[in-house]
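# Observations on the three-dimensional arrangement
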Amino acid sequence: MKTLQAYRFALDPNDAQLAGLRRHAGAARFTFNWGLARVKAALSQRAAEETYGVTGGGLTPVPWTLPALRLAWNAAKREIAPWWDECSKEAFSAGLDQLARALKNFTDSRKGQRKGRRVGFPRFKKRGKARDSFRYTTGAYGPASDLYVKLPRIGRVKVHEPMGALTGRLADGRARLLGATVSRTAGRWFVSFTAEADRDVPAEPSRRQRAGGTVGVDLGVRHLAVLSTGEMVPNPKHYQRAERKLRRASRAYARSKPGSAGRRQCAAELARVHGRIANQRRDGLHKIATRLAKTHDVVVVEDLNVTGMVRNRRLAKAVATAGFAEIRRQLAYKTGWYGSALHVADRWYPSSKTCSGCGWRNPSLTLANRTFHCQSCRLVLDRDLNAAINLRILVAASTSETQNARGADRKTHSGGQVAAKREPGTARAGQTGSAAPQGTAA
Ligand SMILES: [Zn+2]
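Per an unreviewed UniProt entry, the protein carries the name Transposase and comes from Frankia torreyi.

Quick look at the structure:
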């Protein structure tokens, strides 16, 4: 099976290379803005023509797609950017590609063909505000050795850690590079390679996975994840300290004066702390996703409205939610690789509010209630563990359906009926007993 895989490495550029990275990101931003200005001018020209009664082919064309934008850019570049040959042409192309995508997202969103938040008309990218990035898709880019990456027009740039995972696969033909995106996050440059890799995918779950059975996973703020087996996967080491720093940095940012130099500094610091936390968590999420996909035949997670939640102002929640999107993405492809299945519970399934022992529902449960107290069967257990167990029950009750959906990202639309059907007091032995001490300790 062919799979797409991303390999991301931090770069340690020297000063000259750093200038080159900035120049290329600047070139991408320049063409994006140039193209956007061109599109806007063409649109208003058209609007004027329409008032004069011009129609159809007589109207000024608007360069809306990548080929049209490229054509316009190549005709104009010598005049408007005489320095164009100081950068790889890929950088300019990347800017036009970003614009073409933004225009398409706008059109799709307006037509209702795009999920999620409404996408507005693209806006000009401001230096220092927009995310710096550019992309190579052709030419001699790629790892030069385990420790150096070749970036045309920039040079051989040192990477922060060896790229063995990627270079090994490239060397023996198990992977093929499709592109490289160079971007800056919180003052640090990264290269992210997209590679097409061959993988032997098992046709069915192994004995170990079958023995592991179905596992429910609740992703939280206090823990990285809580599993229906009772295991609480802790947040990465130093996470609490990083989180305190994050809170401090975000308070400092909020207090700084808009437009001041102090604010820019605070913003940079905030972004740096955010970047570090995201990295720490990404590592932890990778490990847990791999382990779950290898040791269980079905992994059940909740479907959360991620676009809605990332905009939540509560930082800890926002961080956890970003992690949720990440682990969901990782589980989707890793379960595919290892022959297990990912099951995504319906968004409206009340996994936190339902008693995993008897199905009683606590409609007034709030986020502050860390322990679930069942008023029907007297079960007391950690709120996240209760949610994880409910996720497992949801699928365990309909395994025949999941058996047919191996490797696919399935959704359940049972609306919580599975857990609600059981009678009070029918909790399986062991579940209540083993869970209670954790509940009382919380
Ligand atoms: Zn109960």
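Continuing now.
## A word on the coordination of the zinc ion
For a metal with four donors in a tetrahedral arrangement, the ideal angle between donors is 109.5 degrees, while six donors in an octahedron ideally sit at 90 or 180 degrees. The coordination sphere of the zinc ion contains the protein donors C355 (SG), C358 (SG), C374 (SG) and C377 (SG), at a distance range of 2.3 Å. Taken together, the four donor atoms surrounding the zinc ion define angles of 105 to 113 degrees at the centre, an arrangement classified as tetrahedral. Sequence spacing among the residues donating to the zinc ion works out to C-x2-C-x15-C-x2-C. One end of the pair, C358, is in the loop between β12 (341-345) and β13 (371-373); the other, C374, is in the loop between β13 and β14 (380-382), and 16 residues separate them in sequence. C358 sits in the buried class, given a relative accessible area of 3%. For C374, a relative accessible area of 3% puts it in the buried group.

## Description of the confidence of the model for the protein
Across the protein, the average pLDDT comes to 81, with 85% of residues at 70 or higher. In the model, residues 307-312 has pLDDT below 50 throughout and makes ten contacts with residues more than four positions away in sequence or in other chains. The low-confidence segment residues 400-442, where pLDDT is below 50, has 80 contacts with residues more than four positions distant or belonging to other chains.

## Quick look at the packing of helix α1 (residues 15-51) against helix α2 (residues 66-80)
Running from N to C, α1 and α2 cross one another at 110 degrees; their axes reach a closest spacing of 11 Å. In terms of axis orientation, α1 runs roughly perpendicular to α2. When α1 is examined against α2, the residues F30, T31, W34, G35, R38 and V39 are found in contact with a partner set consisting of L69, A72, W73, A76 and I80. A class-by-class count of the residues in the contact of α1 with α2 yields eight nonpolar, two polar and one charged.

## Here we look at the pattern of salt bridges
Here the structure, examined in full by the defined rule, presents eleven salt bridges. Among the salt bridges present, the one from R174 reaches D172, with a minimum N-O distance of 3.0 Å. The exposure class of R174 is partly exposed, given its relative accessible area of 37%. Given a relative accessible area of 48%, D172 falls into the partly exposed group.

Cut-offs and rules
- Residues numbered from 1 in each chain as written.
- Predicted model: local features only at pLDDT ≥ 70, side-chain atom pairs only at ≥ 80, totals over all residues.
- Heavy atoms only, no water.
- Donors = N, O, S within 2.8 Å, 3.2 Å for Na, K, Ca; no water.
- Tetrahedral: all angles 85-135°; square planar, octahedral: opposite > 155°, others 65-115°.
- Helix = DSSP H or I, 4+ residues; strand = E, 2+ residues; numbered from the N terminus.
- Buried < 20%, exposed > 50% of the residue type's maximum accessible area, 1.4 Å probe, protein only.
- pLDDT = per-residue confidence, 0-100.
- Contact = heavy atoms within 4.5 Å.
- Axes fitted to C-alpha atoms, helices over the stretch in contact; angles between N-to-C directions.
- Parallel < 35°, antiparallel > 145°, perpendicular 65-115°, else oblique.
- Nonpolar A, V, L, I, M, F, W, Y, C, P; charged D, E, K, R; others polar.
- Salt bridge = Lys/Arg side-chain N within 4 Å of Asp/Glu carboxyl O.

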